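Residues per chain, in single letters:
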Amino acid sequence: MSICENIKEIQYNISYAALKSGRTAKDIKLLAVTKTIPVNIIKEAVNCGITAIGENKVQEFLSKYEELGNILEYHFIGALQTNKVKYLINKVALIHSVDSFKLAQEINRQSSKIGTISDVLIEINIGNELSKSGVSKENIYGLLDKISVFPNISIKGLMTIPPFTANNEKTREYFKRMFNLFIDIRAKKLDNVNMDFLSMGMSMDYIIAIEEGANIVRIGNKIFGERKKED
Ligand SMILES: *Cc1c(COP(=O)(O)O)cnc(C)c1O
């Protein structure tokens, strides 16, 4: 299938899953994950309706940003080192991967330098996996407490990558946990903590994620085909 056909099919599935969870397609943002994908192919996706892309490496993001410019909204979805934060500020719409005080502090510092406010999501390690980044459910409130005071950061929601499992119902259970956490945090009405976005769901599980409340899905393979193994 072509990229356009892939996107159409995904958009159809998104609409259907949104309806199942009491929403419509307009409520769900489709983020095309373009890591390893060259600019000419990204342009093809843009011609087929993609308006936002996610990248996970700073260097790769920067070169695509320079070539593609403002035809797109950019999201940063990968592990972020503090020394690279400065390259993202004012260029990305949302950083999905904030999981430490140190990282938040640097985003605040760099944003304040140029007088901007950066929107971020807090990455949650919902399966408490040793190998994964993200803050645990147990530590989220402590972290929110410390970083919500930063004037140049705006907390907009949560992101997760659930543990890999071939069992859909297990995956659904992790998404449910995320949604409950999202709702709990929202109900607390903390200063400078808005729960607008719940970023979860990738090629293999985006339909389940939307059914369980996601409103940003991050999809690579299902749009562009299998990537060469990189991690
Ligand atoms: C690569 C990646 C995705 C997309 O994964 P696919 O399986 O290609 O859809 C989503 N989120 C993050 C953080 C990623 O690194």
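Please read these numbers as outputs of a predicted model, since none were measured by experiment. (Residues numbered from 1 in each chain as written. Predicted model: local features only at pLDDT ≥ 70, side-chain atom pairs only at ≥ 80, totals over all residues. Heavy atoms only, no water.)

Let us now look at the overall build of the protein chain. In terms of helices and strands, the protein chain carries eight helices and eight strands. Expected size for 231 residues packed as a compact globule is a radius of gyration near 17 Å; at 17 Å, the protein chain falls within 12% of this value. In the protein chain, buried positions account for 50% of the 231 residues. For the protein chain, restricting intrachain contacts to residue pairs at least 6 apart in sequence, the fraction spanning at least 24 positions comes to 60%. As displayed, the protein chain has an accessible area near 11500 Å², and 50% of this comes from carbon and sulfur atoms. Distance from the positive charge centre (31 side chains) to the negative charge centre (27 side chains) of the protein chain: 2 Å. (Helix = DSSP H or I, 4+ residues; strand = E, 2+ residues; numbered from the N terminus. Rg over C-alpha atoms; globule rule 2.2 N^0.38 Å. Buried < 20%, exposed > 50% of the residue type's maximum accessible area, 1.4 Å probe, protein only. Contact = heavy atoms within 4.5 Å. Areas by Shrake-Rupley, 256 points an atom, 1.4 Å probe, with all protein chains shown as cover. Lys, Arg positive; Asp, Glu negative; His and termini not counted. Charge placed at Lys NZ, Arg CZ, Asp CG, Glu CD.)

On the secondary structure map, D99 appears in the loop between strand 4 (94-98) and helix 4 (101-113). The partly exposed category is assigned to D99, whose relative accessible area is 24%. Separated by 37 residues in the primary sequence, D99 and S136 place their C-alpha atoms 9.1 Å from one another. Residue contacts for D99: discarding those within four places in its chain leaves E123, S133, G134, V135 and L143. Engagement of the side chain of D99 in a polar contact is seen with the backbone nitrogen of G134, the distance being 2.9 Å. (Polar contact = N/O pair within 3.5 Å; in protein donor to acceptor, adjacent residues only side chain to side chain.)

Along the chain, the position of Q11 falls in helix 1 (residues 3-20). Separated by 117 residues in the primary sequence, Q11 and N128 have C-alpha atoms spaced 31 Å apart.

Overall, the coordinates contain five aromatic pairs when judged by the stated rule. Consider the rings of F61 and Y74, whose centres lie 5.5 Å apart with planes at 75°: the pair is edge-to-face. Of this pair, F61 sits in helix 3 (residues 58-68) while Y74 is found in strand 3 (residues 73-76), placing the two residues 13 residues apart along the sequence. An identical accessibility class is assigned to F61 and Y74; each is buried. Centroid distance F179 to F182: 6.2 Å. Interplanar angle 35°. Geometry classified as tilted. You can see F179 and its partner F182 sitting in helix 6 (residues 168-187), three residues apart, about one turn around the helix. Here F182 falls in the buried class, since its relative accessible area comes to 3%. Clustering of aromatic rings is evident, with ring pairs tying together F61, Y65 and Y74. (Phe/Tyr/Trp six-rings, centres within 6.5 Å; stacked < 30°, edge-to-face > 60°.)

I122, L158 and I223 are the most contacted members of the largest nonpolar core, which totals 66 residues. Those residues in contact with L158 that lie beyond four places of it in its chain are L121, I122, I124, M178, L181, F182, I185, M195, F197, L198 and S199. Membership of the second largest hydrophobic core comes to eight residues, among which are I77, L121, M159 and I216. (Core = buried A, V, L, I, M, F, W, Y, C linked by side-chain atoms within 4.5 Å.)

The subject of this paragraph is unusual backbone geometry. A positive phi is found at N90, a non-glycine position, where the angle reads about 75°. By secondary structure assignment, the location of N90 is in the loop between strand 3 and strand 4. What makes N90 exposed here is its relative accessible area of 51%. Of note in this structure, N192 is not a glycine but carries a positive phi near 60°. Residue classification places N192 among the partly exposed positions, given a relative accessible area of 27%.

Let us now look at the pairing of strand 8 (residues 216-219). On strand 8, burial covers both faces: I216 and R218 on one face and V217 and I219 on the other are all buried. As paired strands, strand 1 (residues 29-33) and strand 8 are joined by four bridges and run parallel to one another. Bridge pairing in strand 8 links L30 to V217. (Pairing = 2+ DSSP bridges.)

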